[in-house]
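# Tertiary structure, described
Spelled out from the first residue to the last, the chains are:
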Amino acid sequence: MAKQKSIYVCQNCGTESVKWIGRCPACGEWNTYVEERISKESNRPGLVEVSRNAAPKPLKEIEITNERRLDTGIGELNRILGGGLVPGSMVLLGGEPGIGKSTLALQMALGLNSAKVLYVSGEESAHQVKLRSDRINPTNQDCLILNETLLENILNQTDGVKPSLLVVDSIQTLYSESIESSAGSVSQVRECAAALLRYAKTSGVPVILIGHITKDGSIAGPKVLEHIVDVVLQFEGDNNYLYRILRGVKNRFGSTSELGIFEMRGNGLAEVPNPSEILLSHRDEGLSGIAISASIDGVRPFLIEIQSLVSTAAYGTPQRSATGYDTRRLNMLLAVLEKRAGFKLATKDVFLNIAGGIKVNDPAIDLAVIAAILSSTFDYAIPGSTCFAAEVGLSGEIRPVTRVDQRIQEARKLGMERIIVSRYNQKGNEKLDFPGIKVVTIGKVEELVRELFGKKEE
Ligand code: TYD
Ligand code: MG
């Protein structure tokens, strides 16, 4: 009988230890070590099999094999991948439960009529997959569905089927016979992913793994997976809204600054080629508390609407709440307004919301946040044809942002007539001059107040 070997594995970062430890020395988490048994003596081959007599070669002698990328049939996805799926590559598609990972993968599988796709579903029965595919694409259903969670069986099937694309939904449901711990544990996830990677590299078939994300945003089963796969895509968005953002987090074959926006419809996901148009909803209604920001995520400029509500606090402690924006940053901006521009917001409730349920990390939306708060405080609507793009510093200075030209052009394309940016975005005496849009430059928060509401106060 094979010798039983058992190890303790940190469920957070995958560090192994021969004995149980209370606190992981690698990631610092408490109580994450779980005993996992490995029945066979480990004889895992390396990730990429190397022949015994491999010798080093100068780069110029290495031939590039024909890298014809597989078109996924979804434009946004192709763009994020850098032009399609590379043969033999492994892509991890991560996201919270219910965000639409299975929908995206199935939609792609159904759209590929020239390629033979094997869709392994460990989470849903074949019947459920069928129901879903009827909603998405009832006309083309040549894709093969396999309801299996045992790794060895899946690999057996791929030998017979010889697919041109393998989708595994999800990596956390797979288990291998060679490891005794339960499906979803670090050892199982790692072993199964490594076996699938070997399959991808030896057969040249691209593999898409679907993975769940834990609450703190890391892919469960966790960092180990991110290291071994070639591409990590993250699907994010708010379940209560229709819009979903697909982001490249790691890409060995392209850039990670690409991002795609999708809308969840009754019949699957639809690409959103021009996000600005849908993210701006009430442009002409003259409501107070709304400001538009020319933001950039990755390489894509788009205009988003910031909504704010400032009201007198009904209870002792004023509330500050932000959706899609960092609450700490909101508090900082409120403090700047209080200290530098003399607004008494300490007794006010402040609510902030980014339209569409999307989350923005771009610091360039600071100025629009401040403008929205001021607009709500004065109950004075900012014209719908004005937008903002600048960061705000602690001393109330308006700081420059990256790629201001691109932002201005996007704003102009969407019919904006005035954009307010930082004075420091101008190089020397050179004016920011764009036809069709007025570029206003300011250096301090006070100047923003004057620019927006100056005439009213006089
Ligand atoms: P799903 O792909 O199952 O999420 P995940 O695999 O990431 O857990 O999608 C979940 C949601 O998408 C579900 O709540 C229903 C919704 N949905 C639609 O709105 N339209 C559709 O056409 C489909 C297939 C799903
Ligand atoms: Mg799913």
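Note on numbering: residues in each chain are counted from 1, in written sequence order. Chains carry letters from A onward and ligands carry numbers from 1 onward, assigned in written order. Note on the predicted model: pLDDT of at least 70 is required for a residue's local features to be given, and 80 or more for side-chain atom pairs to be given and counted; whole-chain, interface and lining totals, by contrast, use all residues. Hydrogens and water molecules were not included; the side-chain quantities draw on all heavy atoms of the structure.

### Quick look at the overall build of the protein chain
Starting at the N terminus, helices and strands are each numbered in turn, a helix being any DSSP run of H or I of at least four residues and a strand any DSSP run of E of at least two. Assigned secondary structure in the protein chain consists of 11 helices and 21 strands. By principal-axis analysis of the C-alpha atoms, the protein chain measures approximately 90 × 55 × 50 Å. The rule is simple: take the accessible area with a 1.4 Å probe, protein chains only, and divide by the maximum for that residue type; under 20% is buried, over 50% is exposed, in between is partly exposed. Of all 458 residues assigned to the protein chain, the portion counted as buried reaches 50%. Here the protein chain has roughly 22,100 Å² of accessible surface; of this, 49% comes from carbon and sulfur atoms. Charge counting follows a simple rule: Lys and Arg are positive, Asp and Glu are negative, and His as well as the terminal groups are ignored. For the purpose of locating charges, the reference atoms are NZ of Lys, CZ of Arg, CG of Asp and CD of Glu. Of the side-chain charges in the protein chain, 53 are positive and 54 negative, and the distance between the mean point of each set is 4 Å. Here, Shrake-Rupley sampling with a 1.4 Å probe gives the accessible areas, and only protein chains in the shown set may cover a residue.

### Observations regarding the sheet that holds strand β15 (residues 320-323)
Pairing within the open sheet is mixed, and its seven strands lie in the order β15-β16-β14-β13-β17-β20-β21. Two strands lie at the open edges of the sheet, namely β15 and β21 (438-442), each paired on one side alone. This sheet shows a mean twist of 25 degrees between the axes of neighbouring strands, independent of strand direction. DSSP calls a pair of strands paired once it identifies at least 2 bridges connecting them. Note that strand β14 (residues 300-312) and strand β16 (residues 348-354) share seven bridges and pair antiparallel. Among the inter-strand pairings, T312 is bridged to a residue of β16, identified as K348. Throughout, a contact is declared for two residues whenever any of their heavy atoms are within 4.5 Å. All axes are obtained by fitting lines to C-alpha atoms, using only the stretch in contact for helices, and the reported angles, taken between N-to-C directions, cover 0 to 180 degrees. The sheet contacts of helix α10 (residues 404-413) involve β13 (290-297), β14, β17 (386-389), β20 (418-422) and β21, and relative to β14 the element is tilted by about 80 degrees.

### Some words on the domain arrangement of the protein chain
Domain boundaries shown here were taken from an automatic or database domain assignment. Parsing the protein chain into structural domains produces domain 1 (1-39), domain 2 (72-273) and domain 3 (278-457). Relative placement of domain 2 and domain 3: their C-alpha centres are 38 Å apart. Counting residues at the interface gives 14 residues for domain 2, matched by 10 residues for domain 3. Summed over both partners, the interface of domain 2 with domain 3 comes to about 1,100 Å²; 57% of that surface belongs to carbon and sulfur atoms. Using a 1.4 Å probe, buried area is obtained as the accessible area two parts lose upon being combined, added over both of them.

### With respect to the pairing of β15
Where β15 and β16 come together, four bridges link them in parallel fashion. Directly across from S321, in β16, lies its bridge partner F351. With helix α8 (residues 327-340) bridging β15 and its parallel neighbour β16, the resulting β-α-β unit is left-handed. Orienting the strands away from the viewer, one traces the path from the first strand over the helix to the second; a clockwise path indicates a right-handed crossover.

### Observations concerning unusual backbone geometry
Along the chain, D169 connects to S170 via a cis peptide bond; the corresponding omega equals -5 degrees. In this fold, S170 is placed in the loop between β7 (165-169) and α5 (186-203). Of note in the backbone geometry, D379 takes a positive phi value of approximately 50 degrees without being a glycine. Mapped onto the fold, D379 is located in the loop between α9 (366-378) and β17. Despite not being glycine, R403 shows a phi value in the positive range, around 45 degrees. As for its position among the elements, R403 is in the loop between β19 (398-399) and α10.

### Let's talk about the nonpolar core
Here the nonpolar core consists of buried residues drawn from Ala, Val, Leu, Ile, Met, Phe, Trp, Tyr and Cys, with membership extended through side-chain atoms lying within 4.5 Å. Core analysis: the biggest nonpolar cluster contains 47 residues, and F388 and L448 have the highest contact counts within it. Those elements that provide at least two residues to this core are β10 (243-251), β11 (259-265), β14, α8, β16, α9, β21 and α11 (445-457). The dominant element in this core, judged by the number of residues it contributes, is α9, at eight residues. Setting aside residues no more than four positions away along its own chain, L448 makes contact with L367, I370, A371, L374, F388, I420 and I442. Within the second largest apolar cluster, 31 residues are counted, among which are L104, L110, A115 and I210.

### Considerations on the side chain of S178
In this fold, S178 is placed in the loop between β7 and α5. Residue S178 is classed as buried on the basis of its relative accessible area of 13%. Polar contacts, as counted here, are pairs of nitrogen or oxygen atoms within 3.5 Å of one another; within protein the pair requires one atom able to donate a hydrogen and one able to accept it, and residues that are adjacent in sequence qualify only if both atoms are side-chain atoms. In terms of polar contacts, S178 uses its side chain to reach the side chain of S176, at 2.9 Å.

### Let's talk about the site of ligand 1
The environment of ligand 1 is formed by 15 residues, the closest being G98, S102, T103, R265 and G268. Interatomic distance of 3.0 Å between a backbone N/O atom of G100 and an oxygen atom of ligand 1. Between ligand 1 and G266 there is a distance of 2.9 Å, counted from an oxygen atom to a backbone nitrogen or oxygen. Contact with the protein chains covers 76% of the free accessible surface of ligand 1, which is 560 Å². Taken together, the elements giving at least two residues each to the shell around ligand 1 come down to α2 (101-111), α3 (126-136) and β11. Here the shell around ligand 1 gets three residues from one element, more than from any other, and that element is α2. Nonpolar residues are Ala, Val, Leu, Ile, Met, Phe, Trp, Tyr, Cys and Pro. Charged residues are Asp, Glu, Lys and Arg, and all others, Gly as well, are polar. A per-class count over the shell around ligand 1 returns three nonpolar, seven polar and five charged. Any residue with a heavy atom lying within 4 Å of a molecule or strand is counted as near it.

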